[in-house]
Amino acid sequence: MQSSDKPILESLNLFYHESETSGRDSSPTQNSGDVACLFCQEQFDTVEQREDLLRHLAVVHKFVIGDVNLITDLKKYLTYWRQRFLEEDLTNFCSLISTKAKNANKGSEDQYYLLCDVLAEDKTLREFLQKKKLEKVLAQQQREREDENFCRTCLFCREQFTGNRADMFDHMTHDHGFSVGLPDNLVYTDEFLDILQEKLDKLQCLYCERTFKDKTVLKEHMRKKQHKKINPKNRKYDKFYIINYLEMGRSWEVIQAEPDEEVGTETETEDEESWEDWEEAGSQAVCLFCDFSSCVPHKLNAHMQQELHDFDLKEVKLRLNLNFYQQIKLINFMRRQIYLGTCFGCGEKFDERRALVEHMHTQQHVDKLPESSAWDQPQYFFPTYENDNLLCQLEDDDNDVEDDTEGASGRSQVIAEDLPYLNTILAHESVRKEILSGDIT
């Protein structure tokens, strides 16, 4: 496309002025946030009017930029190409694409100019802008590390932090269970914290981004649903992570999705086979009716739905409209009755569990649960078996949280509260260490 022997970036001039292009059809931008169209005088804001700009280029000028989302600085990119298009013919840089509308007349075609990184100059420009952006971000991160004027209150308590931003992020991770990653991987942290604070002020969950009626319900929701984290699908957060600036077109999702380095096909196959049946020890949940166990909830539910048991816990929950606590009491009641060898459908007793299970199956007593007054009792808050992991696999509904402090049965629920921050002498780490070491007399 270019016959010149000059270096590809010799004409790169990102901050040219009108005087440099006098006599040509060009105009300076109206302000630092605007950029002129590549081919006319119309001005656009590359942040607020990005889509309008691209639509204008395609519809009015039949011009398309390939992979525009991978361009780190669209303003400088357009400024550069506006100058280059004034110096040489458009066909020296762009591919010509002919398109035909589905219902268009025979012989009528539209021709579009495509500018993409297939052109060496365009690719070099994109890489140059990517490098400059990374340098700018790293410089900003270094300024934040050296900034001693930082002063901010924790998002979740009244403790105040000054100087090092990392101390605040570490505090929120260890004291409140809220982690946004390692502080060394973050940048533009003030803006990041402002966004998070604004969401909390609007009573919005940071993960699912639902809005709640008051702060107490929001706190309980985030604690109960383990939503003390940000939403990874929210693209606004990409700006605050260094990993998104490292390579052009490679976000954190792309890097995370990459497989580990392959040693060899044969070794990889062996590893897959050896890890295929691995399950986390200590998390096995046992079936209500037999000795089958699994750490995977859907496997255990599928087992209990088989012909031998024909019991669907989810169906029972929906049919009886059980809340989370009622599910716990019902399971503990069923565990207790089966341990005692008693059919909870008819009250008949058996000496062996196998005979009891067979009776309940043949008589269809598995789903014949007694009245709620028999099992909806405080005593069944306590598990029949120690470390009953089936209780940990129960699904909870948001409705349970939003019912204030009254449960579906009308009884008051006990909601754990966060411990308030107290400004005492124990807040000093040196004092706590002396107490633990026994040096204080």
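Every value quoted in this text rests on a predicted model; they were computed, and no experiment measured them.

1. Things to note about the overall build of the chain
For the chain, the count of helices and strands is 15 helices and nine strands. Residues counted as buried form 36% of the 441 residues belonging to the chain. Excluding contacts between residues fewer than 6 apart, the proportion of contacts in the chain whose partners are at least 24 apart in sequence is 54%. For the chain, the exposed surface amounts to about 27,700 Å²; the carbon and sulfur share of it is 48%.

2. Focus on the nonpolar core
Grouped together as the largest cluster of nonpolar side chains are 32 residues, with contacts concentrated most on Met-172, Val-180, Phe-192, Leu-196 and Ile-230. Put simply, the parts of the chain that give this core at least two residues each are α3 (120-146), α4 (165-176), α5 (189-201) and α6 (215-224). Element by element, the count of residues in this core is highest for α5, at four residues. Setting aside chain neighbours within four positions, we find Ile-230 in contact with Phe-178, Val-180, Phe-192, Leu-196, Leu-206, Tyr-207, Tyr-237 and Tyr-241. Counting 31 residues, the second largest nonpolar core, distinct from the first, contains Leu-288, Leu-313, Leu-330 and Phe-333.

3. With respect to the pairing of strand β5 (residues 110-115)
Taken residue by residue, a regular strand's side chains alternate between the two faces of the sheet. Bridge analysis of strand β3 (residues 63-65) against β5 gives three bridges, and the strand direction is parallel. Among the inter-strand pairings, Val-64 is bridged to a residue of β5, identified as Leu-114.

4. Brief notes about the environment of Asp-190
Mapped onto the elements, Asp-190 comes out in helix α5. The exposure class assigned to Asp-190 is partly exposed, which follows from its relative accessible area of 32%. Sequence spacing of Asp-190 and Phe-150 is 40 residues, and the spatial spacing of their C-alpha atoms is 9.0 Å. When sequence neighbours within four positions are dropped, the list of residues in contact with Asp-190 reads Phe-150, Arg-152 and Arg-165. There is a polar contact of 3.0 Å between the side chain of Asp-190 and the side chain of Arg-165.

5. Regarding helix α10 (residues 313-320)
Quick reminder: α-helices carry 3.6 residues per turn. Residues three or four places apart thus point the same way. Taken residue by residue, α10 has Leu-313, Val-316 and Lys-317 as its buried positions. The arc that holds the buried residues of α10, viewed along the axis, is 100°, so those residues lie on one side. On its buried face, α10 is in contact with α11 (324-339). Between a side-chain oxygen at the N-terminus of α10 and the backbone nitrogen of Lys-314 the separation is 3.1 Å; the capping residue is Asp-312. Positive phi shows up at Asn-321, right after α10, with a value of about 55°.

6. Regarding the pattern of salt bridges
Opposite charge on two side chains allows them to pair when their charged atoms are near. Within the structure shown, the criterion is met by 20 salt bridges. Here Arg-353 and Asp-291 are joined by a salt bridge, their closest N and O atoms 3.9 Å apart. Of this pair, Arg-353 sits in helix α12 (residues 353-362) while Asp-291 sits in the loop between β8 (285-286) and β9 (293-294), placing them 62 residues apart in sequence. Classification of Asp-291 as exposed rests on a relative accessible area of 68%. Arg-335 serves as the salt-bridge partner of Asp-388, at 2.9 Å between the closest nitrogen and oxygen. Here Asp-388, found in the loop between α13 (372-375) and α14 (398-402), pairs with Arg-335, found in helix α11; they are 53 residues apart in sequence, far enough to count as distant. Of the two residues, Asp-388 and Arg-335, both sit in the buried class. Each of Arg-84, Glu-87, Glu-88 and Glu-121 takes part in salt bridges that share partners, so that together they form one network.

7. As for the sheet that holds strand β4 (residues 95-99)
With mixed pairing, three strands are arranged side by side in an open sheet as β3-β5-β4. Strands at the two margins of the open sheet, each flanked by one partner only, are β3 and β4. Pairs of neighbouring strands in the sheet enclose a mean axial angle of 35°, with direction left out of account.

8. Observations concerning unusual backbone geometry
Phi is positive for Gln-226, which is not a glycine, with a value near 55°. Considering the arrangement of structural elements, one finds Gln-226 in the loop between α6 and α7 (252-257). Even without a glycine there, the phi angle at Gln-364 is positive, about 55°. Structurally, the position occupied by Gln-364 is in the loop between α12 and α13. In this structure Gln-364 comes out as exposed when scored by relative accessible area, which is 67%.

9. A few points about the environment of Asp-122
When you line up the elements, Asp-122 lands in helix α3. Considered as a pair, Asp-122 and Tyr-77 are 45 residues apart in the sequence and their alpha carbons are 9.1 Å apart. A distance of 2.4 Å separates polar atoms of two side chains, one belonging to Asp-122 and the other to Tyr-77.

10. Structural notes on the confidence of the model for the chain
Looking at the chain, pLDDT values average 77 and 72% of them are 70 or higher. When the elements of the chain are averaged for pLDDT, helix α8 (residues 265-276) gives the smallest value, 47, and α5 the largest, 93. Confidence over residues 1-33 falls short of pLDDT 50; this stretch has 61 contacts with residues more than four positions distant or in other chains. Long-range and interchain partners of residues 400-410, a stretch whose pLDDT sits below 50, account for 29 contacts in this model, where long-range means more than four residues apart.

Cut-offs used in this document
Residues numbered from 1 in each chain as written. Predicted model: local features only at pLDDT ≥ 70, side-chain atom pairs only at ≥ 80, totals over all residues. Heavy atoms only, no water. Helix = DSSP H or I, 4+ residues; strand = E, 2+ residues; numbered from the N terminus. Buried < 20%, exposed > 50% of the residue type's maximum accessible area, 1.4 Å probe, protein only. Contact = heavy atoms within 4.5 Å. Areas by Shrake-Rupley, 256 points an atom, 1.4 Å probe, with all protein chains shown as cover. Core = buried A, V, L, I, M, F, W, Y, C linked by side-chain atoms within 4.5 Å. Pairing = 2+ DSSP bridges. Polar contact = N/O pair within 3.5 Å; in protein donor to acceptor, adjacent residues only side chain to side chain. Arc of directions from axis to C-beta. Salt bridge = Lys/Arg side-chain N within 4 Å of Asp/Glu carboxyl O. Axes fitted to C-alpha atoms, helices over the stretch in contact; angles between N-to-C directions. pLDDT = per-residue confidence, 0-100.

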